[in-house]
Every structure is written in C-alpha cells, then in structure tokens.
Amino acid sequence: MNDTLFSVSDQVVIVSGGSRGIGRAIAKGFAERDSKVVITGRDESSLAVAVEEIGTCGGSVTPVVCDVAKPDDIEQLVAQVIEDFGHIDTLVNVAGVNRRKPALDVSEDDYDFILDINLKGAFLLSQAVGRHMVERGSGCQINIASLNTDRPLKDVLPYAMSKAGIAHMTRGLALEWGPSGVRVNGIAPGFILTDLTQKLWSDETMQEWGKTNTPQQRLGVPEDMVGTAIFLASPAASFMTGQTLYVDGGYTAGWNWPIPEGGGQR
Ligand code: NAI
C-alpha cells in the first residue's frame, strides 16, 4: 500500500527557531520526508550551520533571518516565502527563550524579553501566516507549548505565563480558523535536553528528579518531538484542531511517589 496518511511530502513548512534544538530536529524531520522547509532564527551564521547539519535529504532547507520579536521581520519572512514557494502549508512556532528566577527578581526587561518572543512573536507569526492560510482555505499550525502550559514549575513564571498563553492561542485560533480549513494544534514537550536546558540538567539532583518523575525514566531529546509534529501536519490529523499533545515520557500522567514495595499494605 502506498500510504499517504502520514505524508508531508511537498509541503512548504516554516519552522521558527529552527537553528538548533527542537526546531532543528523538527525541520530535519520534515525535510527528510520531502517537505520544503524554511528555517528561521536571529542570525545568519547559526542558520547556515543548521542547514549544513540538517544536510541534504529528500526535501530542501532554506534559511531566512527572522527575529520573531521584530514584527517587520515577520512580515518580510512571510512575503518572501510566498514569493519563493507560492504558498505555506505548515507553520511550526518553535522560537522560545527562558530566564529562570523567582518572581520577585523578574525585571521588566526579563518579562518583555520572554513574552515578546514566546507569546507576542508566536502570535504575530501565526497571524501573518494565518492571513494567507485562511485566504487559501487550508493550512496547519503547530505551536510548541510546555509542561508549564497547565501548571507552572517554580521560578519560571514569565515563561510559564507565555506557555499558558500559547495553549489558549492554539484553542482560540482553532475556533476562529476552523471554518476556513486551517488547523491549529500544539505540542507540549517534557524535559528535553537542548542548549536551553543543558546547564539545568547537568545538575545531578535535577537529573535524578527528572528521571524519577518521568515514567519512561529518561530525559527527552529533540528528535522525540518529530513524530508528533509530522502527524499533526499530515492528513492523519485532518479532524484534529485546538489540541495540545503532551510528549513528555509520561511526566503528566500522574504522580510518582516513594510507596513501599507491595503497596505499603499492613
Ligand atoms: P533552544 O534554545 O535550543 O532553541 C531555541 C530556538 O529559538 C533557537 O533556534 C533560537 O535561535 C530560536 N530563537 C530564540 N529567540 C528567537 C527570536 N527572537 N527569533 C527567532 N528565533 C529565536 O531551545 P529548545 O529547548 O530547542 O526550545 C525550543 C522551544 O521548545 C521553545 O519554545 C521552548 O520553550 C520549548 N520547550 C523546550 C523544552 C525543553 O525542555 N528544552 C520543554 C518544553 C518546551
């Protein structure tokens, strides 16, 4: 059977924050499945490195500099992709940053830095691409949320607020654009080892805690996100919109506790 159910072949896909980590893995996943991928990031040199690392696979990878905190960059990106490729099938909103500190120590600069990129930038990019998708009558958007989306981890409040906003944005846009054939979903990754989190997870106590509380007993890698992104962009997810899928090794399934062997029965 030539199964096209999970095919993303020939799709034009924009991945914001595609220069490293989760974004680069997702971009590679699409390119390997014959998509035409546009990766964006803040500087040309790291994008060039990413293009090289993704290498030549079935599809193509085109770098475009776009700082999602700069609305003009977003408009230029979308105009350029439409000019070069004619349309956009899928947008993956990955670009994100964090500064970990207690709420009392968060400066206005910290707050603006995080929210401008993680939430405002994602919204403006969704909107710019959405205008085109709604007019075309089809399209798919995937927003990267977080474990912080439903319940905040301690000491990362602006980040957690931005990710709660991402899930709300996902549902709200799904409501507005569903009638126009545009689907909007999210992926909430668990604890994934990337440049954003490397330092945190190099702490042994943190590693132990992460493994203890993740039923699959390991931290995630960026490649763990690829299958879900491909699924959401493919015809297999054609009746799915407004959902955020947790890809977290089971972290949110329930609470682990140090119950004695045998269930602690007397
Ligand atoms: P990373 O730091 O390795 O990659 C972040 C990417 O976003 C980079 O390509 C960076 O250049 C890009 N970026 C940052 N600011 C940007 C801006 N203003 N404009 C355009 N691009 C920008 O981080 P990682 O871990 O790969 O994170 C990717 C996404 O996944 C983020 O949204 C993050 O919040 C989210 N996430 C990560 C988790 C983890 O454990 N690593 C867990 C849950 C969510």
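What you are looking at is a predicted structure, and each value in this text was computed from that prediction instead of being measured. (Residues numbered from 1 in each chain as written. Predicted model: local features only at pLDDT ≥ 70, side-chain atom pairs only at ≥ 80, totals over all residues. Heavy atoms only, no water.)

K.L.:
Tell me about the site of the ligand, residues and numbers included.
P.N.:
If you check the shell around the ligand, you find 28 residues, and the closest are Arg20, Asp67, Val94, Tyr159 and Thr194. In this structure, an oxygen atom belonging to the ligand sits 2.7 Å away from a main-chain N or O atom of Val94. Thr194 is positioned with one of its side-chain polar atoms (N or O) 2.5 Å from an oxygen atom of the ligand. Contact with the protein chains hides 96% of the accessible area of the ligand, taken as 820 Å² for the molecule alone. Comparing atom positions with the cavity grids shows the ligand to sit within the largest pocket. If you list the elements that add at least two residues to the shell around the ligand, you get helix H1 (21-32) and helix H5 (157-177). Considered class by class, the residues forming the shell around the ligand number 14 nonpolar, nine polar and five charged. (Near = heavy atom within 4 Å. Polar contact = N/O pair within 3.5 Å; in protein donor to acceptor, adjacent residues only side chain to side chain. Areas by Shrake-Rupley, 256 points an atom, 1.4 Å probe, with all protein chains shown as cover. 1 Å grid on protein atoms, 1.4 Å probe; cavity = no way out; pocket = protein on both sides within 12 Å on 5 of 7 lines; lining within 4 Å. Sits in = over half its atoms within 2 Å of the grid points. Helix = DSSP H or I, 4+ residues; strand = E, 2+ residues; numbered from the N terminus. Nonpolar A, V, L, I, M, F, W, Y, C, P; charged D, E, K, R; others polar.)

K.L.:
Run through the packing of H1 against helix H2 (residues 44-54), naming residues and quoting values.
P.N.:
With their axes 10 Å apart at the nearest point, H1 and H2 run at an angle of 45 degrees to one another. Viewed along their axes, H1 and H2 adopt a mutual orientation that is oblique. When the axes of H1 and H2 are compared, the crossing they make is right-handed. Each of Arg24, Ala27, Lys28 and Ala31 in H1 lies in contact with H2, whose residues at this interface are Ala50, Glu53 and Ile54. (Axes fitted to C-alpha atoms, helices over the stretch in contact; angles between N-to-C directions. Parallel < 35°, antiparallel > 145°, perpendicular 65-115°, else oblique. Left-handed = near helix turned anticlockwise from the far one by under 90°. Contact = heavy atoms within 4.5 Å.)

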